Amino acid sequence: MRRLRQIAVTTAVVGVLCVPAHAETRDIGRDTLAADDGWAAYGTGTTGGAAADDAHVFTVTDRAGLVRALDGGSDTPKIIRIAGTVDADTDDDGDHLDCADYATDGYLLRKYLTAYDPRTWGAARPSGPQEEARQASAAKQAERVVLTVGSNTTIVGLGKGAVLKGASLQVRNADNVILRNLDLRDAYDCFPVWQPNTGGLGDWKTAYDNIWLSGATHVWVDHITASDRGHPDSAEPTYFARNYLRHDGLLDITNASDLVTVSWSRFADHDKAMLIGSGDTATGDRGRLRVTLHHNQFESVVQRAPRVRFGQVHVYDNRYVVPDGGEYRYSLGVSTESAVYAENNSFHTPGHVEAADLVKSWNGTALHQTGTLFNGWPVDLLAIYDAYNSGSERDLTADVGWTPTLHGKIDSAGTADREVARGAGAGRML
Ligand code: CA
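Bear in mind the structure is a predicted one, so any value in this text is a computation, not a measurement.

The rules behind these values
Residues numbered from 1 in each chain as written. Predicted model: local features only at pLDDT ≥ 70, side-chain atom pairs only at ≥ 80, totals over all residues. Heavy atoms only, no water. Buried < 20%, exposed > 50% of the residue type's maximum accessible area, 1.4 Å probe, protein only. Helix = DSSP H or I, 4+ residues; strand = E, 2+ residues; numbered from the N terminus. Arc of directions from axis to C-beta. 1 Å grid on protein atoms, 1.4 Å probe; cavity = no way out; pocket = protein on both sides within 12 Å on 5 of 7 lines; lining within 4 Å. Points joined across faces, edges and corners; volume = space filled by probe spheres on them. Nonpolar A, V, L, I, M, F, W, Y, C, P; charged D, E, K, R; others polar. Donors = N, O, S within 2.8 Å, 3.2 Å for Na, K, Ca; no water. Pairing = 2+ DSSP bridges. Core = buried A, V, L, I, M, F, W, Y, C linked by side-chain atoms within 4.5 Å. Contact = heavy atoms within 4.5 Å. Disulfide = S-S within 2.5 Å.

A.B. asks: Explanation requested: helix α2 (residues 63-70) in the structure shown.
C.D. replies: Along an α-helix, residues three or four apart share an orientation, since each turn contains 3.6 residues. Listing the buried residues of α2 in full gives Arg63, Gly65, Leu66, Ala69 and Leu70. Take α2 and look down its axis: the buried residues cluster within an arc of 160°, on one side only.

Right, dumping it as structure tokens:
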């Protein structure tokens, strides 16, 4: 009896001492975006589910709970807190589903590869029994892993260890969404499709982005970690002379999405990290795709950090880490009608990656950049780009036609580099 009482007293004391000492126990579910924090603050701003009544505040620990809380993408204000690890590849009983569980109608990778080998099949798009079986199998996986997020929704990780595995969070034609403090891991496609390319190598095309914003407005992504953790594409085999990719984007922003702020997040261990604008002919994106990226870390990313078409994109105080040994193509992709305003970003690269490699243009015309640090040294990415690419692509001009006004304090690249290294990503909220 005495012992029991002692334990109770001790617990109470620990509780009182610990709560103020650990800031991560603060309820971040009702936080809203600051009034000047990037493009998502424009107009009505971004409040997510802050207006939720008590009946629409959920703590979920598995896929079934998360699906219930998401409520089919309804626009009822709601706050969803994810506790621990939620695996999207699970059945309604919570049992894990692997690729063999989704495979149906006789789909077998071995048979698929035999059927559509370009040396015998040629350059036509796959069709017939194995492609139909692949589509049916893929639909079964999509039914589990695609999670639709509706308007007026906040999803946050609880504490330091919240993980959402295998999911593709999709905000489609919705407004006012906040995603924070969450480790989004391994949006793995069991059933990539072969896309032949007449006259050259084709590509394996995969279905899932960790986060996909399509026709989404007022979205704040903050302290997210997005990666392929567990299943690196570099470990996948080569079929038809191409890497059998399993992952699409980490965060893709397409189809006239607009007014997005991505802050203090970490994008890692991935090929194509962030696509803003999906096509040169998507002229409905003109005047939209306005995005702010600040204090993010792009680490072990091969390309697209980001690649931009059409949008006015403010890229400031980000940290780029290109490790030795990994594949690397470029970081900032400047494409059709893009207007990237880059300030005070820092790049760390191994010796064989040069400053001229950091920017790539396809049909781009302009890039504003100031305050760039390259392995600790100030560089002018624009002058370097124009000096190195005069033969192949036209020069980029510094006039992107706009000057960002919605932003917090812009740190020097050196200061931001240190703070991002310490503070970006899930589980690192101060
Ligand atoms: Ca995508």
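A.B. asks: Honestly, the layout of surface pockets in this entry has me stumped. Any pointers?
C.D. replies: Empty space among the atoms becomes visible once a probe the size of a water molecule is rolled across them. The space that makes up the largest pocket amounts to roughly 1,000 Å³. Among the residues forming the lining of the largest pocket, the class breakdown is 10 nonpolar, 14 polar and 17 charged. Of the pockets and cavities examined, the second largest pocket occupies roughly 400 Å³. What lines the second largest pocket is a set of 18 residues, among which Arg134, Val193, Gln195, Lys205 and Ala207 lie closest to the centre. The set of elements that each furnish at least two residues to the lining of the second largest pocket consists of α6 (129-145) and β9 (193-197). In terms of residue count, α6 provides more of the lining of the second largest pocket than any other element does, six residues in total. Per-class residue counts for the lining of the second largest pocket are nine nonpolar, four polar and five charged.

A.B. asks: Help me understand the coordination of the calcium ion in this model?
C.D. replies: Surrounding the calcium ion are the protein donor atoms Asp209 (OD), Asp209 (OD), Asp248 (OD) and Asp252 (OD), which sit 2.3 to 2.6 Å from the metal. Written as a sequence motif, the donor arrangement for the calcium ion is D-x38-D-x3-D. Linking Asp209 in the loop between β10 (200-205) and β11 (211-214) with Asp248 in the loop between β14 (242-243) and β15 (251-254), this pair joins segments that are 39 residues apart in sequence. Take Asp248: its relative accessible area is 16%, and that puts it in the buried class.

A.B. asks: Help me out: how do you make sense of unusual backbone geometry in this one?
C.D. replies: Negative phi values dominate among residues other than glycine, just as trans dominates among peptide bonds. For the bond running from Ala305 to Pro306, omega is -5°, close enough to zero to count as cis. Within the chain, Asn173 stands out as a residue other than glycine whose phi angle is a positive 50°. Mapped onto the fold, Asn173 is located in the loop between β7 (168-172) and β8 (175-185). Although it is not a glycine, Phe310 sits at a positive phi angle of roughly 65°. For Phe310, the position within the fold is in the loop between β21 (307-308) and β22 (312-316). Relative accessible area serves as the criterion here: at 6%, Phe310 is assigned to the buried category.

A.B. asks: Looking at this structure, how should I read the pairing of strand β12 (residues 217-227)?
C.D. replies: Looking down a regular strand, the side chains alternate between one sheet face and the other. Most of β12 is tucked away, with 11 of its 11 residues classed as buried. Pairing analysis gives nine bridges linking β8 to β12, with the strands arranged parallel. The partner of Asp175 across the bridge, within β12, is Thr217. Strand direction decides the pairing type here: β12 and strand β16 (residues 258-263), joined by five bridges, are parallel. Considered in β16, the bridge of Val219 is made with Val260.

A.B. asks: Quick question: what am I supposed to make of the nonpolar core here?
C.D. replies: Soluble globular proteins: nonpolar side chains tend toward being buried together. Of all hydrophobic cores here, the largest spans 87 residues; its most connected members are Leu66, Ile82, Ile155, Leu213 and Leu251. Discounting residues that sit within four places of it in the chain, Ile82 has contacts with Val60, Leu66, Ile155, Val156, Gly157, Leu158, Ala162, Val163, Leu164 and Leu182. Among the nonpolar cores identified, the runner-up in size contains seven residues, and Trp39, Ala366, Val400 and Trp402 belong to it.

A.B. asks: Help me out: how do you make sense of the state of the cysteines in this one?
C.D. replies: Each disulfide is one covalent bond, formed between the sulfur atoms of two cysteines. Taken as a whole and judged by the stated rule, the model has one disulfide. The side chain of Cys99 participates in a disulfide bridge whose partner is Cys190; the two sulfur atoms lie 2.0 Å from each other. For the disulfide bridge between Cys99 and Cys190, the dihedral angle about the S-S bond is near -75°, and by the sign convention the bridge is left-handed. With Cys99 in helix α3 (residues 99-102) and Cys190 in the loop between β8 and β9, the pair connects residues that are 91 residues apart, well separated along the chain. For Cys190, a relative accessible area of 7% corresponds to the buried category.

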